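# Commentary on secondary and tertiary structure
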Amino acid sequence: MAESLDIANEMEKIPELQHRNFRNDEFWKQVPAWSNVSREEFADSKWQLKNSIRKLDQMNKVLGKRVSKEFMADIEAGLKLTPMNIRITPYIFALIDWDNPADDPLRKQFLPLGSQFIADHPFYREDSLSEDVDSPVETLTHRYADKVLFLPTTICPVYCLYCTRSRIIGGSTDTVEKDTYGVNPKKWDAVFEYLMNHPKVEDVVISGGDAYMLTPAQIRTIGENLLRIPHIRRIRLATKGIAIFPQKILTDDAWVNAVLDIVKLGRSYGKQVVIHTHFSSPLEITKWSQMAMDRLFQEGVYVRNQAVMQNGVNNKVNQMVLLTRQLSFINIQPYYVYVHDMVPGCEHFRTTLREAVELEKAVRGTTAGFNTPTFVCDLPGGGGKRHVASYEYYDEENGISLWQAPYVKPGEVFMYYDPIHKLSPEAQKRWQSAKERENMVIEAKRKAGF
Ligand SMILES: *Cc1c(COP(=O)(O)O)cnc(C)c1O
Ligand code: SF4
């Protein structure tokens with residue numbers, strides 16, 4: 001049997017009112033180089049940007065003797081395996097528990113440890129969701145009838161090791177050559193024109209990359225051009241920023257004002273402009289997050305959250321319940337929790353579908369229904385997002401699930417595969433053989449009636 005959660009035992013560990021406590025200590029002072037940094041300096045978005053960690057020697061300098069040589073060597077080994085660059089804000093870097101960085105959920109998300117990598121699943125794909133296949137013009141994915149995904153930038157204020165778009169986001173690494181285009185406004189006119197000519201589209205997700213990296217002028221250009229299109233009714237600005245760099249909301253007025261102006265412009269047309277953010281762990285939430293959200297909330301900006309389920313980061317009931325309740329408390333609506341996509345360099349992050357189904361069961365009922373995230377699997381091959389329990393067939397022993405997407409791709413069958421290291425020893429052995437793999441898939445399809 002595949003690994004699953006011990007729900008009864010886990011439910012007992014749910015902290016009752018812990019979600020009302022927000023960390024407000026001078027946590028950055030545990031990092032040797034920042035022991036004299038004042039609260040005012042730490043609050044400054046320019047200071048955060050200037051001191052972001054992008055290189056190993058910078059990390060060495062900032063931490064000094066705080067971590068062992070072995071640990072730094074393990075990070076160096078990780079950098080040879082990950083498809084993502086390092087980029088991490090001082091805010092998140094300082095929230096890492098540097099007494100035990102190997103097990104820290106924040107370290108796991110942003111700094112690779114060579115010793116924690118596992119071989120990719122044989123059926124992984126660089127563009128697992130087929131975003132490039134469903135792309136009618138560069139930087140735009142049009143899969144669903146009335147909504148599109150627009151990627152105006154390929155850079156972010158932090159790089160997540162589990163990024164689903166590791167094929168294009170950030171710079172090249174030892175394992176991936178990327179043609180990173182950064183922010184390229186020249187490509188946007190074709191997108192606006194395409195949308196103008198497709199009256200069924202009502203909804204635009206502006207993602208990337210991260211909208212935090214767009215300048216105020218670029219935010220205005222995108223917002224004004226999209227809102228001008230009569231049939232566009234809803235815009236979402238996607239940024240992980242609130243989660244990893246709340247100081248920008250508090251001190252970068254030019255950027256915040258550009259967003260506020262677009263929100264107001266939308267409202268004047270009777271259209272929605274909202275922010276979609278991306279907290280994955282309750283450890284990312286502090287008093288700073290609450291202050292940033294107070295500002296946005298008071299200005300009337302609506303914020304939703306999308307989290308990615310990750311092994312050792314948020315796949316325990318108490319972690320996910322705390323995340324859900326704490327986001328709700330600061331007026332962020334938990335919207336989605338994604339099962340991890342089958343992209344390279346992420347096998348150690350993935351969880352089984354069973355774990356996702358169990359976690360959704362455990363979370364439902366712990367807070368308001370409208371603040372309860374929908375757990376989804378974005379189907380490899382472009383079937384779109386489906387509720388985790390809506391598979392057509394699930395062979396848990398071999399970690400194979402079969403899905404359909406009746407509206408998005410009628411008649412097609414999609415497959416998701418659990419990470420092999422979480423399966424039984426017998427199943428793991430079967431996955432070693434190419435012939436057996438093929439047989440397991442054929443057998444699963446036959447049992448499902450396809
Ligand atoms: C996720 C996604 C959307 C938005 O889908 P929602 O379920 O409405 O959040 C739109 N287009 C693509 C290609 C997507 O992956
Ligand atoms: S913020 Fe989003 S796009 Fe950027 S690295 Fe993280 S997951 Fe990828």
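Residues numbered from 1 in each chain as written. Chains lettered and ligands numbered in written order. Predicted model: local features only at pLDDT ≥ 70, side-chain atom pairs only at ≥ 80, totals over all residues. Heavy atoms only, no water.

### Focus: the domain arrangement of the protein
Many structure descriptions define interface size as the accessible area lost when the parts assemble. Once the domains are mapped, the protein shows domain 1 (2-116) and domain 2 (140-448). Using C-alpha coordinates to define each centre, domain 1 is positioned 22 Å away from domain 2. With 49 residues of domain 1 in contact, the opposing surface of domain 2 contributes 65 residues. Summed over the three residues of domain 1 that lose the most area to domain 2, namely Phe22, Met84 and Gln109, the buried surface amounts to 15% of that side. Here domain 1 and domain 2 share zero salt bridges between them. (Domains from an automatic or database assignment. Contact = heavy atoms within 4.5 Å. Buried area = accessible area lost by both parts, 1.4 Å probe. Salt bridge = Lys/Arg side-chain N within 4 Å of Asp/Glu carboxyl O.)

### Some points on the sheet that holds strand 11 (residues 400-404)
Taken together, the three strands give an open sheet; going across it, the order is 10-11-12, and neighbouring strands pair in antiparallel fashion. Sheet topology places strand 10 (393-395) and strand 12 (413-417) at the edges, where each strand pairs with a single neighbour. Taking each pair of neighbouring strands and ignoring which way they run, the sheet shows an average axis angle of 20°. Two strands pair when backbone bridges link them, and strand 10 and strand 11 are joined in this way by three bridges, in the antiparallel orientation. Paired with Asp395 across the strands is Ile400, a residue of strand 11. Against the sheet, helix 17 (residues 434-448) makes contact with strand 10, strand 11 and strand 12, and its axis sits at roughly 50° relative to strand 11, the strand it touches most. (Pairing = 2+ DSSP bridges. Helix = DSSP H or I, 4+ residues; strand = E, 2+ residues; numbered from the N terminus. Axes fitted to C-alpha atoms, helices over the stretch in contact; angles between N-to-C directions.)

### Here we look at the site of ligand 1
The environment of ligand 1 is made up of Thr141, Arg143, Tyr144, Lys147, Leu149, Val205, Arg236, Tyr335, Tyr336 and Lys385. Measuring from an oxygen atom of ligand 1, one finds a side-chain N or O atom of Arg236 at 2.7 Å. Between ligand 1 and Tyr336 there is a distance of 2.5 Å, counted from an oxygen atom to a side-chain nitrogen or oxygen. When ligand 1 is considered free in solution it has 380 Å² of accessible area, and contact with the protein chains removes 92% of it. Residue composition of the shell around ligand 1, grouped by class: five nonpolar, one polar and four charged. (Near = heavy atom within 4 Å. Polar contact = N/O pair within 3.5 Å; in protein donor to acceptor, adjacent residues only side chain to side chain. Areas by Shrake-Rupley, 256 points an atom, 1.4 Å probe, with all protein chains shown as cover. Nonpolar A, V, L, I, M, F, W, Y, C, P; charged D, E, K, R; others polar.)

### A closer look at the state of the cysteines
The tally for this structure, following the rule as stated, stands at zero disulfides. Looking at the unpaired Cys377, the closest cysteine sulfur is the one in Cys346, lying at 14 Å. (Disulfide = S-S within 2.5 Å.)

### Digging into the side chain of Ser401
In this fold, Ser401 is placed in strand 11. Among the polar contacts made by the side chain of Ser401, one reaches the side chain of Trp403 at a distance of 2.9 Å. Setting aside its immediate chain neighbours within four residues, Ser401 contacts Leu353, Tyr391, Tyr393, Tyr394, Phe414, Met415 and Tyr416.

### Structural notes on the pattern of salt bridges
Per the counting criterion, the structure on display carries 29 salt bridges. Arg430 is the salt-bridge partner of Glu397, the closest N and O atoms lying 3.0 Å from each other. Of this pair, Glu397 sits in the loop between strand 10 and strand 11 while Arg430 sits in helix 16 (residues 425-432); the two residues are 33 residues apart in sequence, bridging distant segments of the chain. On the accessibility criterion, Glu397 (26% relative accessible area) is partly exposed. The class of Arg430 is partly exposed, set by a relative accessible area of 22%. Residues joined by salt bridges that share partners form a network here, namely Asp127, Glu131, Asp132, Arg165 and Arg167. (Buried < 20%, exposed > 50% of the residue type's maximum accessible area, 1.4 Å probe, protein only.)

### Brief notes about the sheet that holds strand 8 (residues 374-379)
Read across the sheet, nine strands follow the order 1-2-3-4-5-6-7-8-9 without closing on themselves; strand pairing throughout is mixed. Looking at strand neighbours, the two that pair on one side only are strand 1 (140-141) and strand 9 (384-387), the edges of this open sheet. Here four bridges tie strand 3 (residues 203-206) to strand 4 (residues 234-238), and the two strands are oriented parallel to one another. Its bridge partner lying in strand 4, Val205 is registered against Arg236. Running at roughly 150° to strand 7 (residues 332-338), helix 14 (residues 317-329) makes contact with strand 6 (303-308), strand 7 and strand 8 of the sheet.

### Focus on the packing of aromatic side chains
In this description, a pair of aromatic rings is defined by centroid distance and the angle of the planes. By the definition in use, this model includes 24 aromatic pairs. Aromatic pair Tyr336 and Tyr338: ring centres 5.5 Å apart, planes at 65°, arrangement edge-to-face. Accessibility assignment for this pair places Tyr336 and Tyr338 in one class, buried. Taking 6.0 Å as the distance between ring centres and 85° as the angle between the ring planes, the aromatic pair formed by Tyr391 and Trp403 counts as edge-to-face. With a gap of 12 residues between them, Tyr391 in the loop between strand 9 and strand 10 and Trp403 in strand 11 connect regions that are remote in the sequence. Using a relative accessible area of 24% as the deciding quantity, one classes Tyr391 as partly exposed. Grouped by ring-pair contacts, the aromatic residues Phe27, Trp28, Trp34, Phe42, Trp47, Phe71, Tyr91, Phe93, Trp98 and Trp288 constitute a single cluster. Its guanidinium or amino end placed over the ring of Tyr144, Lys147 lies 4.1 Å from that ring's centre, counting from NZ or CZ. (Phe/Tyr/Trp six-rings, centres within 6.5 Å; stacked < 30°, edge-to-face > 60°. Lys NZ or Arg CZ within 6 Å of the ring centre and 35° of its normal.)

### Digging into the site of ligand 2
Near ligand 2 you find Met84, Cys156, Val158, Tyr159, Cys160, Cys163, Gly208, Gly209, Lys240 and His278, and these make up its full shell. When grouped by side-chain class, the residues that make up the shell around ligand 2 number six nonpolar, three polar and one charged.

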